[in-house]
Amino acid sequence: MEGHMLFAWMLMCLLLQPSTAQNSPPEGVLNCCEGDVLFLVDSSGSVSSYEHSRMLAFLSELISPFSLGEDQVRVGLLQVGTKPRLEFGFDKYSTQSGLQAALKTIKPLRGDTNTVEALKMVKEWVLRPGKAGGARERLPRVLVWLTDGVKPGDVTGPMAQLRDDGVAVLVVSTGHGNYQVLRQVVSPPVEDHLHFVDIDDMSIITKEFRDAIIEIIRAERIHVRDVSTSSATLQWRPVLSGLTGHYEIRFTELRKGVGGVETSRPDTSGATEGSLFQRLTQTADSSTARLTGLKPDTNYIAILRPQSNEQAFNELNVTFRTKPEVLSPAVVTVSEPGQTSVRVSWGPLQPGMVESYSVEYSALPTGKVHYVQLSRSQNSTLLRNLQPDTTYLVTVTARHASGKEKAMSVKVCTQEATPALADLQLTTVGSDSVEVEWNGGTSGLRGYWLTWEGQQSSAPGQRSSLYLPPDSLSTRLTHLPPSARVCVSPIYRTARGEGLCCTAQFHSDALVYGFQS
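Residues numbered from 1 in each chain as written. Predicted model: local features only at pLDDT ≥ 70, side-chain atom pairs only at ≥ 80, totals over all residues. Heavy atoms only, no water.

The protein chain is annotated in an unreviewed UniProt entry as von Willebrand factor A domain-containing protein 1 from Oreochromis aureus. Per UniProt, the comment on the protein chain under Subcellular location (unreviewed entry) is "Secreted, Extracellular space, Extracellular matrix, Basement membrane". Looking at the Function (unreviewed entry) heading of the UniProt record, one finds this comment for the protein chain: "Promotes matrix assembly. Involved in the organization of skeletal muscles and in the formation of neuromuscular junctions." (UniProt positions renumbered as here; feature names shortened; annotations may be inferred.)

Shown next, in the form of structure tokens:
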């Protein structure tokens, strides 16, 4: 009897020995993830010692590649029996050596399959939101249930509550019963999170099942921000904090290879892949690096390799695209429109790239072309001496230091000219006086010329005149002859313009409106 027990113990130890795959973690698993993973292991009387040892061996291989710790993956294990027992919680192990050693010492509980009671422990303590405190409350939580599928109990409700609380439920069954029950409890997609496998063939699902867990707890440990046309900032979680070591950063542009697939490998003969990479080194307490000398509108890959003799980390990489080159002028705007002038502005201002600007404009369709030459530090100019109510084509051209020229055109319209004189009105005041009012005020006006004369035969040819400054829009005339004709004309620098005339007829309480001559 003792010999059989010794043989069983040696077999269990053999099954839990790290495999070659464990010694060489799969690419991309170390340092990939952050979250809490709880294993719910059936060790009731329906599970033999051999089956129990195979389940633990499966777990050992499944979790061996993960980095453990507060900022990585935390693992707990709860066994199911008559009285479920928490073998270890999330804060127990932060190294693979400690975790793997603990798995070798776990004994089955036996008794009934009291999964419902175990799920109460899961909900009330192990995976209770806020138990970990701090930022971990927002991290993904995963429950992995290993069962033989025999008499699982009424688990549908408790499992649904866990899923509602944000816990991802995955199941591996070594039996082939209760498919509908197990299908209902797992989180979607069912094809990735529910596996039926013979106890001796569990290793064939290890990679696929691990990938499903990784998809849930994968952490965005590296990303790119502040991307411009020629630079970008690489930011990462400082996984080397408290350790000796450094970060090695490599970045290069992605090039189109065979079939249009992007690759970081060179497309010139004789070059090596390493020659294409630019390299940076940052200290262990760093979390950012500025990547410079990039090409505009180009896809890049950046690779971060944490280097430390104290702990192994896998490479992290991220791809990004620089912004397209923006050459001035990229935008041209119009402001301050007037009858004879308008302001034209452009941007962006690039004094380090532009040697000079020129602005040309002409009235459409066939007006004379005018030119204005401006320095590289200017981004606007006022165009003067334009014609009122006229459409102009304005073109802004930048001559860049690279030899390139870029131009952008807009159409602008000057305002319609305001009439120099309008709405002449006469209001009689008494028996021989009138109040003269009008609208006016065109730019360039020098004043107004008023004339009046009688039209009755008793007083022919009696003409009087009066000059008023340009800001005057009314005056009172007195001692007018009966039926006097009053005219107002605008005065310009070289001539007198066309005026308006009205006739004043003096009647009691009469208001007389004139007419345009």
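Once the structure has been displayed, the description carries forward.
A. Expanded view of the sheet that holds strand E13 (residues 288–291). Read across the sheet, three strands follow the order E7-E8-E13 without closing on themselves; strand pairing throughout is antiparallel. Only two strands of the sheet have a single partner each, and these edge strands are strand E7 (222–225) and E13. Each neighbouring strand pair of the sheet contributes to a mean axis angle of 25 degrees, computed without reference to strand direction. Here four bridges tie E7 to strand E8 (residues 232–236), and the two strands are oriented antiparallel to one another. Its bridge partner lying in E8, His223 is registered against Gln235. (Pairing = 2+ DSSP bridges. Helix = DSSP H or I, 4+ residues; strand = E, 2+ residues; numbered from the N terminus. Axes fitted to C-alpha atoms, helices over the stretch in contact; angles between N-to-C directions.)

B. Region of interest: the sheet that holds strand E12 (residues 278–283). Ordered by their spatial adjacency, four strands build an open sheet running E12-E9-E14-E15, and the pairing between neighbours is antiparallel. Edge positions in the sheet fall to E12 and strand E15 (316–321), since each of these pairs with one other strand and no more. Between one strand axis and the next, the sheet turns through 20 degrees on average, direction left out of account. Where strand E9 (residues 246–253) and strand E14 (residues 299–307) come together, eight bridges link them in antiparallel fashion. Paired with Thr252 across the strands is Ile301, a residue of E14.

C. Focus on the state of the cysteines. This model, assessed by the stated rule, comprises one disulfide. A sulfur-sulfur separation of 1.9 Å characterises the disulfide bridge that pairs Cys487 with Cys501. Residues Cys487 and Cys501 share a disulfide whose torsion about the S-S bond is about 110 degrees; that sign makes it right-handed. Of this pair, Cys487 sits in strand E28 (residues 484–491) while Cys501 sits in strand E29 (residues 500–504), placing them 14 residues apart in sequence. (Disulfide = S-S within 2.5 Å.)

D. Quick look at the packing of helix H3 (residues 49–63) against helix H4 (residues 96–104). Two elements in contact, H3 and H4, have axes separated by 10 Å at closest approach and are oriented at 170 degrees. Our classification of the angle between H3 and H4 gives roughly antiparallel. Contact residues: Leu56, Ser60 and Ile63 in H3; Gln96, Leu99, Gln100 and Leu103 in H4. Partitioned by chemical class, the residues of the contact of H3 with H4 number four nonpolar, three polar and no charged. (Parallel < 35°, antiparallel > 145°, perpendicular 65-115°, else oblique. Contact = heavy atoms within 4.5 Å. Nonpolar A, V, L, I, M, F, W, Y, C, P; charged D, E, K, R; others polar.)

E. Local environment of H3. Its 15 residues place the ends of H3 21 Å apart at the C-alpha level, agreeing with the 21 Å of an ideal helix rising 1.5 Å per residue. The buried count for H3 comes to eleven of 15 residues, which makes it a mostly enclosed element. Buried within H3 we find His52, Ser53, Arg54, Met55, Leu56, Ala57, Phe58, Leu59, Ser60, Leu62 and Ile63. (Expected span 1.5 Å × (residues − 1). Buried < 20%, exposed > 50% of the residue type's maximum accessible area, 1.4 Å probe, protein only.)

F. Layout of the packing of aromatic side chains. Scanning all chains against the criterion turns up seven aromatic pairs. Centroid distance Phe58 to Phe209: 6.2 Å. Interplanar angle 45 degrees. Geometry classified as tilted. On the criterion of sequence distance, the pair formed by Phe58 in helix H3 and Phe209 in helix H9 (residues 206–217) is long-range, its members being 151 residues apart. For the residue pair Phe58 and Phe209, the accessibility class agrees, reading buried in each case. The lysine or arginine in question, Arg250, covers the ring of Phe277, its NZ or CZ lying 5.0 Å from the ring centre. (Phe/Tyr/Trp six-rings, centres within 6.5 Å; stacked < 30°, edge-to-face > 60°. Lys NZ or Arg CZ within 6 Å of the ring centre and 35° of its normal.)

G. Region of the structure containing the pairing of strand E4 (residues 141–147). By the criterion of burial, E4 is predominantly enclosed, with seven of the seven residues buried. Pairing of strand E1 (residues 35–42) with E4, which is carried by six bridges, proceeds in the parallel orientation. Considered in E4, the bridge of Val41 is made with Leu146. Here seven bridges tie E4 to strand E5 (residues 167–173), and the two strands are oriented parallel to one another. Within the sheet, the bridge partner assigned to Val144 lies in E5 and is Leu170.

H. Up close: unusual backbone geometry. Here the amide bond leading from Pro188 into Pro189 is cis, since omega sits at 0 degrees, within 30 degrees of zero. Along the chain, the position of Pro189 falls in the loop between helix H7 (179–185) and helix H8 (190–193). Note the cis peptide between Ser328 and Pro329, where omega equals 0 degrees. With respect to the helices, strands and loops of the structure, Pro329 is situated in the loop between E15 and strand E16 (331–335). Despite not being glycine, Asp226 shows a phi value in the positive range, around 50 degrees. Of note in the backbone geometry, Asn385 takes a positive phi value of approximately 55 degrees without being a glycine. Topologically, Asn385 is positioned in the loop between strand E20 (380–383) and strand E21 (391–400). Judged by its relative accessible area of 75%, Asn385 is exposed.

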